[in-house]
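What follows is the residue order along each chain.
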Amino acid sequence: MTDPRDDDVTAADAAAPTEVMEPISVDDTAVMDGLPPVVAPAGPDDDEPADIDAIAEDEAEPSRSWMGVVAFLTGAIGLWIVAIPLGHAGIVAARRGRATTRGFAVAGIILGYVGLALTAVLVWFLLRGPQPETLDAYAHHDVVEVGNAVARAVEQDESLPTVEAAGEGYIVAGTQVAGLLETQRSVALTPVGDEGWCLELDYVGGMEGSWSFHFADGVTKGGTCAAA
């Protein structure tokens, strides 16, 4: 025989609203068991998603360590015009983590600027020309050479030869005499007495300005031929 109470309970359960239970997570289960909830640590990927394209780009970009090495080599062989810009580019690449040869880049820059300074000094000396003391020494050499040529010509012909400055040297009695002076210059041969002569060389750029060669007294500083 069926218990009437069972029918009442069944009817009451059927009439009651159905309650949908939310799924219990691991943390909720821990709370139900009387344990403290476990909180998983947040990783960097939880807050900021990784930029996959940026990582791929970083891995794909080639190393630029060669810039520092090439800067050092070109600076060592005197190609400062190449060493200086490459050295600066190598330092920038090392700062951004693209190169490991910062020391070579710095050495290349130093060698490049040293070469540039030496080149500038050399060009300055070339454009400036010889010093006044050097020009005086060149003039002394030239007046001696031309005076000796005049003396030989007088011994041969017993007459004063023609003397002139021409090109890079001088012409005495039609014979070329080499000289060192390259500045503006002039020579003059003056007779002294019946058989004597005096040669005078005037030039620009020196401290003396002129040298004289007297047939009897030899070489003298300054234009002394007129006094003779």
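Definitions and limits used
- Residues numbered from 1 in each chain as written.
- Predicted model: local features only at pLDDT ≥ 70, side-chain atom pairs only at ≥ 80, totals over all residues.
- Heavy atoms only, no water.
- Helix = DSSP H or I, 4+ residues; strand = E, 2+ residues; numbered from the N terminus.
- Buried < 20%, exposed > 50% of the residue type's maximum accessible area, 1.4 Å probe, protein only.
- Contact = heavy atoms within 4.5 Å.
- Areas by Shrake-Rupley, 256 points an atom, 1.4 Å probe, with all protein chains shown as cover.
- Pairing = 2+ DSSP bridges.
- Axes fitted to C-alpha atoms, helices over the stretch in contact; angles between N-to-C directions.
- pLDDT = per-residue confidence, 0-100.
- Core = buried A, V, L, I, M, F, W, Y, C linked by side-chain atoms within 4.5 Å.
- Patch = residues over 30% accessible without salt bridge, like charges linked within 9 Å, V, L, I, M, F, W, Y side chains within 5 Å.
- Salt bridge = Lys/Arg side-chain N within 4 Å of Asp/Glu carboxyl O.
- Disulfide = S-S within 2.5 Å.
- Parallel < 35°, antiparallel > 145°, perpendicular 65-115°, else oblique.
- Left-handed = near helix turned anticlockwise from the far one by under 90°.
- Nonpolar A, V, L, I, M, F, W, Y, C, P; charged D, E, K, R; others polar.

### Remarks on the overall build of the protein
Thought 1: Secondary structure assignment for the protein yields eight helices and seven strands.
Thought 2: For the protein, the residues scored as buried account for 25% of the 228 residues in total.
Thought 3: Restricting to contacts in the protein with at least 6 residues of sequence separation, those with at least 24 account for 44%.
Thought 4: When the accessible surface of the protein is summed, it comes to about 15,700 Å², and 59% of that surface belongs to carbon and sulfur atoms.

### Concerning the sheet that holds strand S1 (residues 163-166)
Thought 1: Spatially, three strands are ordered S1-S2-S3 in an open sheet, and the strand pairing comes out antiparallel. Of all strands in the sheet, those bounded by a partner on one side alone are S1 and strand S3 (175-178). Pairs of neighbouring strands in the sheet enclose a mean axial angle of 30°, with direction left out of account.
Thought 2: Where strand S2 (residues 169-172) meets S3, four bridges bridge the pair, whose relative direction is antiparallel. Its bridge partner lying in S3, isoleucine 171 is registered against glutamine 176.

### Looking at the confidence of the model for the protein
Thought 1: Across the protein, pLDDT averages 79, with 72% of residues at or above 70.
Thought 2: Segment residues 24-32: pLDDT under 50, and seven contacts once partners within four positions in sequence are set aside and those in other chains are kept.
Thought 3: Taken together, the stretch residues 52-57 has pLDDT below 50 and engages in one contact with residues farther than four places along the chain or on a different chain.

### Topic: the nonpolar core
Thought 1: Counting residues in hydrophobic clusters, the biggest one holds 19 residues, and the most contacted among them are Val146, Leu199 and Leu201.
Thought 2: Of all elements in the fold, only helix H8 (132-157), S2, strand S5 (196-203) and strand S6 (210-214) reach the threshold of two or more residues within this core.
Thought 3: At seven residues, the largest contribution of residues to this core is made by H8.
Thought 4: Look past the residues within four positions of valine 146 in its chain and what remains in contact with it is Val163, Tyr170, Val172, Val177 and Leu199.

### Side note on the sheet that holds S5
Thought 1: One open sheet holds the four strands; their spatial order is S4-S5-S6-S7, and the pairing between them is antiparallel. This sheet does not close on itself; its edge strands, each paired only once, are strand S4 (185-192) and strand S7 (218-221). Between one strand axis and the next, the sheet turns through 20° on average, direction left out of account.
Thought 2: In this sheet, S6 lies alongside S5 in antiparallel orientation, the contact comprising five bridges. Across the sheet, residue glutamate 200 finds its bridge partner in S6, namely serine 212.
Thought 3: H8 contacts S4, S5, S6 and S7 of the sheet and is inclined by roughly 150° relative to S5.

### Quick notes on a nonpolar patch on the surface
Thought 1: Side chains of Ile77, Leu79, Ile81 and Val82 sit close together on the surface and give an oily, nonpolar patch of about 390 Å² of accessible area.
Thought 2: Turning to its location among the elements, isoleucine 81 is positioned in helix H6 (residues 80-95).
Thought 3: Assessed through its relative accessible area of 61%, isoleucine 81 is described here as exposed.

### A word on the state of the cysteines
Thought 1: Evaluated as defined, the whole model comprises one disulfide.
Thought 2: Covalent S-S linkage joins cysteine 198 and cysteine 225, the inter-sulfur distance amounting to 2.0 Å. Looking along the S-S bond of the cysteine 198-cysteine 225 disulfide, the torsion reads about -80°, which is the left-handed sense. Within this pair, whereas cysteine 198 is found in strand S5, its partner cysteine 225 is found in the segment after S7, the two being separated by 27 residues in sequence. Considered together, cysteine 198 and cysteine 225 belong to a single accessibility category, that of buried residues.

### Describing the pairing of S7
Thought 1: Pairing geometry for S6 and S7, over four bridges, is antiparallel. Residue pairing across strands places phenylalanine 213 opposite valine 219, the latter belonging to S7.
Thought 2: Hairpin geometry of S6 and S7 is characterised by an intervening segment of three residues between the two adjacent antiparallel strands.

### Observations regarding the packing of H6 against helix H7 (residues 102-128)
Thought 1: Contact geometry for H6 and H7: axes closest at 8 Å, N-to-C directions at 150°. As far as their axial angle goes, H7 and H6 are roughly antiparallel. You can see that H6 and H7 cross each other, and the crossing is left-handed. Across the interface between the two elements, Trp80, Ala83, Ile84, Gly87, His88, Gly90, Ile91 and Ala94 from H6 touch Arg102, Ala105, Val106, Gly108, Ile109, Gly112, Tyr113, Gly115, Leu116 and Thr119 from H7.
Thought 2: Residue composition of the contact of H6 with H7, grouped by class: ten nonpolar, seven polar and one charged.

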